[in-house]
Each structure stands twice: as structure tokens, then as C-alpha cells.
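# Chain and residue survey
The lines below spell out each chain.
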Amino acid sequence: MAPKKIVLRFGPDISDKPIIYRLVKDYDLVVNILKANVNPQKEGTMVLEITGDQVDGGMNYLRDQGVQVQALTQEIVRDEERCIMCGGCTAICPTGALYLERPSMEVRFDGDNCVVCQLCLKICPVRAMEVKL
Amino acid sequence: MEKSYAEINAKIKTGKAVVLTADDFVSLAEEKGLAAAARQVDVVTTGTFAPMCSSGAFLNLGHPAPRMKMQKVWLNGVPAYSGIAAVDVYIGATEVPEDDPLNSNYPGEFRYGGGHVIEDLVARRPVRLKATSYGTDCYPRRELETTITIDDINEAFLFNPRNAYQNYNCAVNLGSRTIYTYMGMLKPNLGNAHYSTSGQLSPLLKDPHFRTVGIGTRIFLGGGVGYVAWHGTQHFPSIQKSPDGKTLGPAGGTLAVIGDLKQMSPRWLKGISFVGYGASFAVGIGIPIPILDEEIALYAAASDRELYAPVVDYSEAYPSRTPGNMGYVSYAELKSGRIKVNGKEVPAAPLSSYPKAREIAGILKQWIEQGRFLLTEPVQLLPSPADGISGKALKG
Ligand code: SF4
Ligand code: SF4
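About the cut-offs
Residues numbered from 1 in each chain as written. Chains lettered and ligands numbered in written order. Predicted model: local features only at pLDDT ≥ 70, side-chain atom pairs only at ≥ 80, totals over all residues. Heavy atoms only, no water. Pairing = 2+ DSSP bridges. Helix = DSSP H or I, 4+ residues; strand = E, 2+ residues; numbered from the N terminus. Axes fitted to C-alpha atoms, helices over the stretch in contact; angles between N-to-C directions. Buried < 20%, exposed > 50% of the residue type's maximum accessible area, 1.4 Å probe, protein only. Phe/Tyr/Trp six-rings, centres within 6.5 Å; stacked < 30°, edge-to-face > 60°. Lys NZ or Arg CZ within 6 Å of the ring centre and 35° of its normal. Contact = heavy atoms within 4.5 Å. Near = heavy atom within 4 Å. Nonpolar A, V, L, I, M, F, W, Y, C, P; charged D, E, K, R; others polar. Salt bridge = Lys/Arg side-chain N within 4 Å of Asp/Glu carboxyl O.

## Some points on the sheet that holds strand E1 (residues 19-21) of chain B
Residue and element names in this part refer to chain B. One open sheet accounts for three strands, arranged E1-E2-E23; its pairing is mixed. In this open sheet, the two edge strands, each paired with only one partner strand, are E1 and strand E23 (288-290). Across the sheet, the mean angle separating the axes of adjacent strands is 25° when strand polarity is ignored. Two strands pair when backbone bridges link them, and strand E2 (residues 43-45) and E23 are joined in this way by three bridges, in the antiparallel orientation. Within E23, the position partnered with Val44 by the bridge is Ile289.

Given below as C-alpha cells:
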């Protein structure tokens, strides 16, 4: 069975709970953590590769715990021409993939830290952030 | 030390004027002292590139044959106001198409609006024009559908009734759900803070008493040349004070600005969309400040550490129009990316582009150094904090 890549987002209320432990133990899944990040607001994001027979049950368990689950099939890119360097995405991006460089205050995008939560797609006022399929 | 507009312009014409961007002037005054900086520098250039909803353009579309008194007009599907002469219209920045889903699928996307139409016009892209009317003896035509570009029409000038806000709230959300505002997406329980001025580069933060910016002041507007037409709507200038009486910089002033759209650039006029709020327009403005005397220099030298924004809750206080704020934070703190609100550390981000503001101040500096841009003495100064104007609340 091919592994499935998913993105998980945790609110501050659950980011310290042993959710992944339960996922592995109760649903007998093989989990490979590709990226994990908890920001200063204690919002967690994680990119996982999972394999096992009970993937669907595991996903339902995660959703029941209040975790947002999304398939990772895409990559996010920035249209450098369109970006007006406003900075409006930098306190929204949960992982710091979009960040302000100081003191120039220029906005940088580091795709390696992006977990494809797609929040920036909606909030960028000039739609400079795009999904690359 | 005192200088006149005429003296400064004479220096500009001979290429001898000393021009500094506002952030460089702040550094110079810190290094050399205010008196020396004021003597040495003739003009300080400021800049801002930020959402400015109260913007729009007057267009004269020209008459078709037969002639038409356009009663309803759409540009790329966005309604333009046509309750003026036959083929004059005003396209407002926040107007959206009649079939836009708005917030029916909350939060709405507002992908295209009046600001985008103006950006398309200034980028010289073709724009679909549709007009309907009832027909008169002198203006018989009732329907028109065609495509225009900015070069096909008679006049196109930007006239923005409220731009270049002197200062602005630092917006936070004390509520328990994410909210979508004109200050962007605000996460619950003080999850983030958004502010929207360029701080020490921002035009009106550097002239708190409106000693130099007035009616007729020539400015950088949208990449071209524009003018201050009037004080802006909701122009309520004041000097902010902390509870213990400390001066925290100015707030409340605004400008109405005007300029020929045909010589502006899509680089500095951008249609924008605020999810859950609406369509708007980002405008680039740069204003030169003549250093006429040391007092003007003192204000122009105010740094991010001396300029403050009020922190305002947008979940409850702002929408319900509860007066007051949750304290002040300096632009130095805001730019550091972390501020303290109610004892909690909150990540702060701008909606106003500091790099673009610096670029505008730099372009304006270059224009002046090259002798291409002379300063104008205001025909009339604008109301200042001393006039004590304050906002009225609407009954209803
Ligand atoms: S919100 Fe969009 S335009 Fe603004 S800095 Fe981020 S990517 Fe660039
Ligand atoms: S999708 Fe956008 S907001 Fe989400 S992590 Fe990637 S860059 Fe940040």
C-alpha cells in the first residue's frame, strides 16, 4: 500500500497531547514525520507520511481530536512579480515559511518550511501565493 | 536658520539641493544632531504604499455616435457611478460586481473590484465597457458595449477622497474566533496584531502640525505626479498622549489627492482583495517635506521609537464603536515583530509595505535631485491639531 502524505494542523489547546502516539498505537499505522513545527502561539503543524490498513480510521480519530487534516498533494509558490511585500502574510503563516527579514522588512518565502496549509492563498491581498500542481 | 520655498527650489534647479529620505534623515539627525541636520538638508522625502479604500478615478469616456447619456455603467462588470454628466463616471476602489457572492460563502474572496479596474486601466489593458440609458432627444442611444483602454478615453484622473492616513490602529482580536477585517485576518485570543503605516517613513507622521503639507502640495502619486487637493474625509488631526502626559506622535490626519492617471504606473496602484471584507486598492504616495526651519526638521527626524500606534480590539470595541484603546505601541516595537498586549506576547505584521515605502521615498528624492520635481508652497494650509476637529457619530 502506497504511503499517504498529509498535513495536520493543531490548535494551541491540543498541541501538547500525545496524539501521534495514539495514532500509531491504536490504528497500527507506520508514521514518518517529514516536517513538524510548533510556533510561539503553540499552534502545531506537521507533515506526515502514513501507511497502514486503518488510515481512514486514524484520520477520523485525528478529526475527532480537533486536528485539521488535509492531503498533501501540492506545492506552494510565490509569484515574485505580484508580491507587494506588504508583510500581511507573515503573522498568519503558521510555520514562518513567509517571514520578514529585518531591518529591510522585505518578505521572504522559504518553501522548505511550508506545510501547504494554504492560509496565505486566501489572505494575500494580491494573490501572489499560488498552488503548483 | 530659515529657508523659503523659493530658495529651496532655486537649489533644486541648479542641482544643489540636499535631499534625504526620511529614514536617512532620522539617522543623520541622530548622528550629527538636529541643528546640523536641519542646516545641511533642504528636503526630506517620505513614502507609503498601503491599502487606501477611499480611492477612485473620474473618467470621461467620450461620446459614441449617436450620443448617449450613460445612466448605468459597468467596467469589467464593476458598476461605476454615472450620476454626473453624460459620459463622466467615477469608478470607486471598493465597488464589486453585482453578481459577486460577497460574504454569502463566508469569508468571501472579493477577487475583483474597482481597484482592479483602475489597475487594469493604468496597465493599459483593455477594459470592457457596458452602458445603458433611457434615451433623450439630444442623447438618443440606449445601449452600448465596447472595449476601451485608458488611451481611448478623454480624461482619467485619480481622485482619492481619503488617503495617506497619518497613523493607524494596531488591530488585534480579543474574541474567540478568527475574524476577517480590513486589517486582514485576525486570529482569536490575541493570535496576531496588524498595523498599517510605514512609521518613520510615513508622510503625515512627519508633519504632525501640518506646517508644510497643504492644498496644492505636489506629491508622488501612483508612480506619477499628483497634488494634495484638500484635507481628506475624516481629517481629525491630534497629538496622542499617554495617560501620564507623554507625547506619542500624531494621529488622525488624512489627505484628498488628485492626479492624472494616464501618467501613473500599475507598479504603484494595485487592486487588492481582503478575504471576508472586500475589494480595495493599494496606493503609493510620497510627499516631500521642505526643511524650512528647525521645528519642521525636528518633526521630520522623529524615529520609529517616538511614533506610536494605538492598539484596538476588532472583535468587539471597534465594531461597537467603543471609545478608547488598549494602550500604545511604538513603531520600533511593531517592526520588531513582537509586541506586548495585556501582558501577552503577540506577533505583529504590517499591511503597509516598508520596502515599497522606502523605494517611493527614494524615487521622489531622485526626481528632486534631478531637478524634475519642484516643491510647491501650499495655496492654503490644512486644519491642524490646534483646530481641535473631532469625528461625529451618526445617529440611527
Ligand atoms: S501577503 Fe502577499 S503581497 Fe503581501 S507579502 Fe505576503 S505574499 Fe507578498
Ligand atoms: S501554505 Fe502559506 S501559510 Fe501555509 S505554511 Fe505554506 S507559506 Fe505558510
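## What about unusual backbone geometry?
The linkage connecting Arg102(A) with the following residue, Pro103(A), adopts the cis geometry, with an omega of 5°. Here Pro103(A) is to be found in the loop between strand E6 (98-101) and strand E7 (106-109). The amide bond that connects Ala65(B) to the next residue, Pro66(B), takes the cis arrangement and shows omega of -10°. Summarising the element assignment, Pro66(B) is placed in the loop between strand E4 (56-60) and strand E5 (72-75). A positive phi angle is found at Asn189(B), which is not glycine, with a value near 50°. With respect to the helices and strands, Asn189(B) occurs in the loop between strand E13 (184-186) and strand E14 (193-195). The backbone of Leu190(B) sits at a positive phi, close to 60°, despite the residue not being glycine. Its place among the elements puts Leu190(B) in the loop between E13 and E14. By relative accessible area, which is 6% here, Leu190(B) ends up buried.

## Some words on the packing of aromatic side chains
All names here are of chain B. Across all of its chains, the model carries 16 aromatic pairs over all chains by this definition. Taking the centre distance of 5.1 Å and the plane angle of 80° together, the rings of Tyr165 and Tyr168 count as edge-to-face. Accessibility expressed as a relative area gives 18% for Tyr168, which makes it buried. A centroid spacing of 6.1 Å and a plane angle of 65° characterise the contact between Tyr195 and Tyr331, whose relative ring orientation is edge-to-face. Of the two residues, Tyr195 sits in strand E14 while Tyr331 sits in helix H6 (residues 331-336), which places them 136 residues apart along the sequence. Since its relative accessible area comes to 0%, Tyr331 is described here as buried. Ring pairing ties together the aromatic residues Tyr165, Tyr168, Tyr182, Tyr277, Tyr314 and Tyr318, which thus form one cluster. Geometry around Trp74 places Lys130 over its ring, the cationic atom sitting 4.9 Å from the centre.

## Description of the environment of Glu143(B)
Residues and elements named next belong to chain B. With respect to the secondary-structure elements, Glu143 resides in strand E9 (residues 143-148). The class for Glu143 is exposed, based on a relative accessible area of 61%. Sequence-wise, Glu143 and Gln71 are 72 residues apart; in three dimensions their C-alpha atoms are separated by 9.8 Å. Not counting residues within four places of it along the chain, the set of residues in contact with Glu143 comprises Met68, Ala131 and Thr132.

## A short note on the site of ligand 2
Near ligand 2 there are 13 residues, and of these Cys93(A), Cys114(A), Cys117(A), Gln118(A) and Cys120(A) occur at the shortest range. Looking at the shell around ligand 2 residue by residue, the class counts come to 11 nonpolar, two polar and no charged.

## Some points on the pattern of salt bridges
Pairing of side chains with opposite charge becomes possible as their charged atoms draw close. Counted by the stated rule, this structure contains 21 salt bridges over all chains. A salt bridge links Lys132(A) to Glu75(A); its shortest N-O distance comes to 3.7 Å. Here Lys132(A), found in strand E8 (residues 129-132), pairs with Glu75(A), found in strand E5 (residues 75-78); they are 57 residues apart in sequence, far enough to count as distant. Note that Arg267(B) and Glu359(B) form a salt bridge whose closest N and O atoms lie 2.2 Å from each other.

## As for the sheet that holds strand E3 (residues 44-51) of chain A
What holds strands together in a sheet is hydrogen bonding between their backbones, with the strands either parallel or antiparallel. Residues and elements named next belong to chain A. Overall, antiparallel pairing links the four strands, which are arranged E2-E3-E1-E4 in an open sheet. The open sheet has two edge strands with one neighbour each: strand E2 (30-38) and strand E4 (68-71). Between one strand and the next, the sheet's axes are offset by a mean angle of 20°, whatever the strand orientation. For strand E1 (residues 4-10) and E4, the ladder comprises four bridges, and the chain directions are antiparallel. For Ile6, the partnering residue across the bridge sits in E4 and is Ala71.

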